[in-house]
Amino acid sequence: MSIVTVQLGQCGNQVGHEVFSCLCRDLRGSHGLCSRRENQSYQDACRERFFSEEESGGLVARAVLVDMEPKVISQTLSMAARSGFWKYNEHSHFCQKQGSGNNWANGYSVHGPRHKEAIMNLVQKEAERCDRLGGFFTTMSMAGGTGSGLGAFVTQCLRDAFPTSFILNHVIWPYGTGEVIVQNYNSVLTLSHLYQSSDALLVHENDVIHKICAQLMNIKQISFRDVNQVIAHQLGSVFQPTHPAGGGSDYSRNPLGDLLEALVPHPEFKVLALRNIPQMPEDSLAYNTFSWPGLLKHLRQMLIANAKMEEGIDWQVRPPPPRSSISSHSTAKALHFNTSIANLLILRGKDVHSVDLGSFQDPSLYTSWLNPQDAFHARKTPRAFNKYEKSASLVSNSQFLLKPLDSVVGKAWNMFASKAYIHQYTKFGIEEEDFLDSFTTLEQVISSYTTL
């Protein structure tokens, strides 16, 4: 089944371009770790998912590019075409001459309704090019105006036009220090609206990825492109084809369906985090060897201690003891423990079929209302991903976002209480009631995840 990617705003278009470049690089890579037949079926599955093929054999991304300024889209189109391996369809983009001025209301209430028909026509055409549509993957930032405001509007339109298709929103969480004074308002409005219409939100935090670039990739002067390439690598490590861990030699037909079925058992809980190890500069790969037990031990501790990368993990955090034996002393210790609702583990590379996954099936990792057998899923393939002999990715639905979410809502509420910048939104038709509704939605999300 095929996935249509909708790239929204400057950030969404730049990330989307890196994702397709990463998939294409992996597709062309010669990986000697699996049979030729295995490699061929992997490549066929990837092509069907993300690309259509021209008669000449060239790959065309299944994507719609949307921005309110032309500059980023024209750069993205020409960079893809220059790669010589893949390109965007030159008729699948929409842009205007003026941006949204970092104003969510401008994107959502003005540009959205005004350009709805043109944008949705492009999406419809792209969907019709698929033999079988698996769903939509949108990528956007939360801080600005187009990606966030127009992105929330387009997601609602997708839900109305394709009520039975899966929609996964990939959201870039802004830097804590912030580049936009109203980014907390924009973030609160984006998240609350996406929560109504999306099947799941996959979140990448800029601060975390920046740290990975600095500490793991050893990049001295970090550009947005460096950050986007790390994000693209992590997304590719999840979306490229895999087999079910319990056996079965066929590659999964619908990656979005697999992801959402495994990770979103209840519509109240739909925020997903992605961790991927190992991550290191390409020239260091030849000098490192990894064992599956070592990788999985690190990944499990990253999950329960809510560490975002394999450096600086708190190894003191332990799962809480069984509920019956909890004393007041042990609850204090378990406060730093990151409880999961569901986890999906994806393993790629050498000796993948002999890996023991028992440590992720421990009932103490999960909330008590879900059977551990239903809470944990795994997928594997012997084909290596992007030059890593062994790599593991973990997509988790857990309490990981509580702190950043609480912080963003708190900062936005403090501004709202003093009516700061509200007039910028009311002039485009977003009233104080809309803010209050958004705060209520997110307070409910915080409360639900806190009580896991």
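Residues numbered from 1 in each chain as written. Predicted model: local features only at pLDDT ≥ 70, side-chain atom pairs only at ≥ 80, totals over all residues. Heavy atoms only, no water.

Condition: UniProt positions are given in the numbering used here, feature names are shortened, and annotations may be inferred rather than shown by experiment.
The name given to the protein chain in an unreviewed UniProt entry is Tubulin delta chain, and the organism recorded there is Sclerurus mexicanus. The annotation that UniProt attaches to the protein chain under Cofactor (unreviewed entry) is "Mg(2+)". The Function (unreviewed entry) comment attached to the protein chain in UniProt states, word for word, "Acts as a positive regulator of hedgehog signaling and regulates ciliary function."

### Observations regarding the packing of aromatic side chains
The condition is simple: For this analysis, a ring pair means two rings from Phe, Tyr or Trp (six-membered ring only for Trp) whose centres lie within 6.5 Å, classed as stacked if their planes differ by under 30 degrees, edge-to-face if by over 60, and tilted for the remaining angles. Secondary structure counts use DSSP, requiring at least four H or I residues in a row for a helix and at least two E residues in a row for a strand, with both numbered from the N terminus. Only protein chains enter the accessibility calculation, which uses a 1.4 Å probe; a residue is then buried when its area is under 20% of its type maximum, exposed when over 50%, and partly exposed in between. Geometrically, a charge over a ring is one whose NZ (Lys) or CZ (Arg) sits within 6 Å of the ring centre while staying within 35 degrees of the ring normal.
Applying the stated rule across the entire model yields 20 aromatic pairs. Ring plane angle 65° and centroid distance 6.1 Å describe the contact between F50 and F239, whose orientation is recorded as edge-to-face. With F50 in helix α2 (residues 36-50) and F239 in helix α8 (residues 224-239), this pair connects stretches of sequence that are 189 residues apart. Here F50 matches F239 in class, with each residue buried. Here F360 and F376 contribute two aromatic rings whose centre-to-centre distance is 5.9 Å and whose plane-to-plane angle is 15°, an arrangement assigned as stacked. On the criterion of sequence distance, the pair formed by F360 in the loop between β12 (340-349) and α12 (372-375) and F376 in strand β13 (residues 376-381) is long-range, its members being 16 residues apart. The exposure class assigned to F360 is buried, which follows from its relative accessible area of 0%. Members of the aromatic cluster, connected to one another through ring pairs, are Y185, W413, F416, Y425, F435 and F439. Across from the ring centre of F85, 3.3 Å away, lies the NZ or CZ of R28, which sits over that ring.

### Points about the domain arrangement of the protein chain
Heads up, the rule is: Segment limits for the domains were obtained from an automatic or database-derived domain assignment. Put simply, buried area is the surface a 1.4 Å probe can reach on two separate parts but cannot reach once they are joined, added for both. Polar contact is defined as a pair of N or O atoms within 3.5 Å, subject to the rule that within protein one atom must be able to donate a hydrogen and the other to accept it, and that residues adjacent in sequence are counted only when both atoms are side-chain atoms. Side-chain classes follow a simple rule in which Ala, Val, Leu, Ile, Met, Phe, Trp, Tyr, Cys and Pro form the nonpolar group, Asp, Glu, Lys and Arg form the charged group, and the remainder, Gly included, forms the polar group.
On domain assignment, one finds that the protein chain holds domain 1 (2-274), domain 2 (282-321 + 335-401) and domain 3 (403-451). Regarding the contact of domain 2 and domain 3, the summed buried area is about 420 Å², with carbon and sulfur atoms giving 51% of it. Its largest share of buried area at the contact with domain 3, domain 2 owes to N397, Q399 and L401, together 78% of the area lost on that side. Connecting domain 2 to domain 3 are four residue pairs in polar contact (both at pLDDT 80 or more). Here the side of domain 2 that touches domain 3 is built from residues that sort into three nonpolar, three polar and no charged.

### Observations regarding helix α4 (residues 104-128)
Where we set the bar: Given a helix with a known number of residues, its expected span is that number minus one, times 1.5 Å.
Taking 1.5 Å per residue, 25 residues should reach 36 Å; α4 reaches only 30 Å between its end C-alpha atoms and comes up short. For α4, the N-terminal cap is N103; the gap from its side-chain oxygen to the backbone nitrogen of A105 is 2.9 Å.

### What about helix α1 (residues 9-28)?
For α1, spanning 20 residues, the distance from its first C-alpha to its last is 29 Å, which sits close to the expected 28 Å at 1.5 Å a residue. The element α1 is extensively covered by neighbouring structure, given that 15 of its 20 residues are classed as buried.

### Description of the pattern of salt bridges
When the charged atoms of two side chains with opposite charge come close together, those side chains can pair. Spelled out, the test is: We define a salt bridge as a side-chain nitrogen of Lys or Arg found within 4 Å of a carboxyl oxygen belonging to Asp or Glu.
Tallied over the full model, the rule gives 14 salt bridges. Across the salt bridge formed by R159 and D199, the nearest N and O atoms sit 2.9 Å from each other. Of this pair, R159 sits in helix α5 (residues 146-161) while D199 sits in the loop between α6 (183-197) and β9 (200-205), and the two are 40 residues apart along the sequence. Classification of R159 as buried rests on a relative accessible area of 18%. When the shortest N-O distance is used, the salt bridge between K308 and E205 registers 3.3 Å. Of the two residues, K308 sits in the loop between α10 (292-304) and α11 (328-333) while E205 sits in strand β9, which places them 103 residues apart along the sequence. Residue classification places E205 among the buried positions, given a relative accessible area of 14%.

### What to know about the packing of helix α13 (residues 402-417) against helix α15 (residues 432-450)
Stated precisely, the cut-off is as follows: Only the contacting stretch of a helix is used when fitting its axis, a line to C-alpha atoms as for every element, and angles between N-to-C directions run 0 to 180 degrees. These descriptions rest on fixed angle ranges, namely under 35 degrees for roughly parallel, over 145 for roughly antiparallel, 65 to 115 for roughly perpendicular, and the rest for oblique. Less than a right angle of anticlockwise turn of the near helix away from the far helix marks a crossing as left-handed, whereas a clockwise turn marks it as right-handed. It only takes one pair of heavy atoms within 4.5 Å for two residues to be counted as in contact.
Where α13 meets α15, the axes come as close as 11 Å, and the angle between the chain directions of the two elements is 155°. Judged by the inter-axis angle, α13 sits roughly antiparallel to α15. As for the relative orientation of α13 and α15, their crossing is left-handed in sense. Across the interface between the two elements, L402, L405, D406, V409, A412, W413 and F416 of α13 pack against E432, F435, L436, F439, L442, E443, V445, I446, Y449 and T450 of α15. Here the residues of the contact of α13 with α15 sort into 13 nonpolar, one polar and three charged.

### What to know about the UniProt feature "domain: Tubulin/FtsZ GTPase" (unreviewed entry) in the protein chain
Under the present numbering, the feature "domain: Tubulin/FtsZ GTPase" (unreviewed entry) in UniProt falls on residues 47-246. Secondary structure content for residues 47-246 is 50% helix and 21% strand, while the C-alpha to C-alpha distance between its ends is 25 Å.

### A word on the side chain of Q7
Counting through the fold element by element, Q7 comes out in strand β1 (residues 2-8). Judged by its relative accessible area of 0%, Q7 falls in the buried class. Polar side-chain contacts of Q7 include one of 3.0 Å to the side chain of N13. Once residues within four sequence positions are removed from consideration, Q7 is found in contact with G12, N13, G16, H17, F20, A63, V64, L65, V66, T76, Y88 and T139.

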